[in-house]
Amino acid sequence: MLVGLLIAGIVSEGAFQSMGNTISRPPQIVELVIPAGTSEKVSNGQSVVADGMIFMVGDTLELINQDSIAHTFGPLFVPPGSSARLSLDTPESLAFSCSFEPSQYFGLDVREALSPGTRIKGILLAGIPMGLLLSVYSVIAWPFKEQKKIPPTPK
Amino acid sequence: MIKKIVLIALSCIVLLIAAIFLLFNPTKRNEHNFNGSIIEPPVPAADFTLTNQDGQSASLSELRGKYLLIFFGFTSCLDECPATMAILSQVRNGLDENVDQAQIVFISTDPARDSPSAVKTFIDRFDPTSIGFTGSLSDLQPVWKDYGVMVMDSGETHSIRVYLVDPEGNWRLTYAPASNPQEIVDDIELLIKGY
């Protein structure tokens, strides 16, 4: 069991460390600024805001409109000189219609935050079955191998 | 024998910890007072002058002093527009003693077919106190732009959003289609209380 947990821990934590800092931070307000002159650039086919933002469940997207006209993003409407907020409470990939992209679509990726509890849960969920399998292996395989080592009794 | 007992005890502890983590989700949610999307800071809602359901010229600014629930749609719509108007009617009725503080405002996305009389017939189906606006394409286009309403297919495809404007004429909140009427009622009551 302990060996199983150890292996699961090494694999799980290795994967976690390789994915970087973005999956472990606490929920926060993430600002997305629509800069002045966006409408002109968009009408010329230029992209102003980087697509494919990654959010954690519990994050709030704050859309700040510094442009001279109103902008929209999915359910949000942001008049010029103001801001609007969108709560991201469910892990999902979203593609909202928007007015600040030439394609008129903007994608968001909302992921479940990996808290220490989630990481421990992952280790336990992987480690317990692995430990049980190793336990079963130790019960079944070892006595079988030991039987082979028994020298034949002299007649 | 002792080794087996220790292993079983360890396994039980591990299983117990796993069960606790599975049952208890530590993810914290943000707390929000309002259900709609807050416009912060509130800014003056774009004013306009169009033709109302009685065929008279009227402006949005004339409706100051009430909470305005503004919705863009077209009168021959069979799904989203009547559904949203029904929700707004429920919102107004849900305000009970504050019912007179709220006003439903319908603005057409289909100037070719939405005559003042067609708008009147449409809004009267849901709430006869509603105010409907229509006009020519050139009159309506700037209003659509100011409110971020995308209109395509001769008005049949359009943005569906409800705008809440406060009695001072400021945009305060917006709502996605098919919002829960009670959530909008709760928000208006919060605003009436001064939040």
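Procedures and definitions
- Residues numbered from 1 in each chain as written.
- Chains lettered and ligands numbered in written order.
- Predicted model: local features only at pLDDT ≥ 70, side-chain atom pairs only at ≥ 80, totals over all residues.
- Heavy atoms only, no water.
- Helix = DSSP H or I, 4+ residues; strand = E, 2+ residues; numbered from the N terminus.
- Buried < 20%, exposed > 50% of the residue type's maximum accessible area, 1.4 Å probe, protein only.
- Contact = heavy atoms within 4.5 Å.
- Areas by Shrake-Rupley, 256 points an atom, 1.4 Å probe, with all protein chains shown as cover.
- Buried area = accessible area lost by both parts, 1.4 Å probe.
- Salt bridge = Lys/Arg side-chain N within 4 Å of Asp/Glu carboxyl O.
- Polar contact = N/O pair within 3.5 Å; in protein donor to acceptor, adjacent residues only side chain to side chain.
- Nonpolar A, V, L, I, M, F, W, Y, C, P; charged D, E, K, R; others polar.
- Pairing = 2+ DSSP bridges.
- Core = buried A, V, L, I, M, F, W, Y, C linked by side-chain atoms within 4.5 Å.

*Asks:* Help me understand the overall build of chain A, please; the structure alone is not making it clear to me.
*Replies:* For chain A, the helix and strand inventory stands at three helices and eight strands. Along the chain direction, N to C, the helices and strands of chain A fall in the order α-β-α-β-β-β-β-β-β-β-α. Here chain A holds 155 residues, and the buried ones make up 39% of them. Put simply, of all contacts in chain A between residues at least 6 apart along the chain, 64% involve residues at least 24 apart. Counting every atom, chain A has about 8500 Å² of accessible surface; 64% of that belongs to carbon and sulfur.

*Asks:* Sorry, what's going on with the interface of chain B and chain A here?
*Replies:* Interfaces are often sized by the amount of accessible area the parts lose when they come together. The interface is formed by 30 residues belonging to chain B together with 33 residues belonging to chain A. Both sides together, the interface formed by chain B and chain A hides about 2500 Å², and carbon and sulfur atoms give 64% of it. Counting across the chain B and chain A interface gives zero salt bridges. If you look at where chain B meets chain A, you find five residue pairs in polar contact (both at pLDDT 80 or more). For the side of chain B that touches chain A, the secondary-structure elements that each account for two or more residues are α1 (2–23), β1 (37–44), α4 (137–146) and β10 (170–175) of chain B. The greatest single-element share of the side of chain B that touches chain A, amounting to eight residues, is contributed by α1(B). Of the residues belonging to the side of chain B that touches chain A, the class tally is 17 nonpolar, seven polar and six charged.

*Asks:* Explain the pairing of strand β8 (residues 105–111) of chain A here, please?
*Replies:* Consecutive residues of a regular strand have side chains that alternate between opposite faces of the sheet. Residues and elements named next belong to chain A. Where strand β2 (residues 53–56) lies against β8, four bridges are found, and the strand directions are parallel. Residue pairing across strands places F55 opposite V110, the latter belonging to β8. As defined by bridge partners, strand β7 (residues 92–97) adjoins β8 across six bridges and the pair is classed as antiparallel. Bridge pairing links S97 to Y105 in β8.

*Asks:* Would you explain the nonpolar core in this entry?
*Replies:* If you look at soluble globular proteins, the nonpolar side chains tend to sit buried side by side. All names here are of chain B. With 28 residues, the main nonpolar core has L69, M85, L164 and I188 as its most contacted residues. Elements with a contribution of two residues or more to this core: β4 (67–73), α2 (80–94), β5 (102–108), α3 (116–124), β9 (162–165), β10 and α5 (181–192). L50, F72, V105 and L140 belong to the second-largest nonpolar core, a separate cluster that totals 26 residues.

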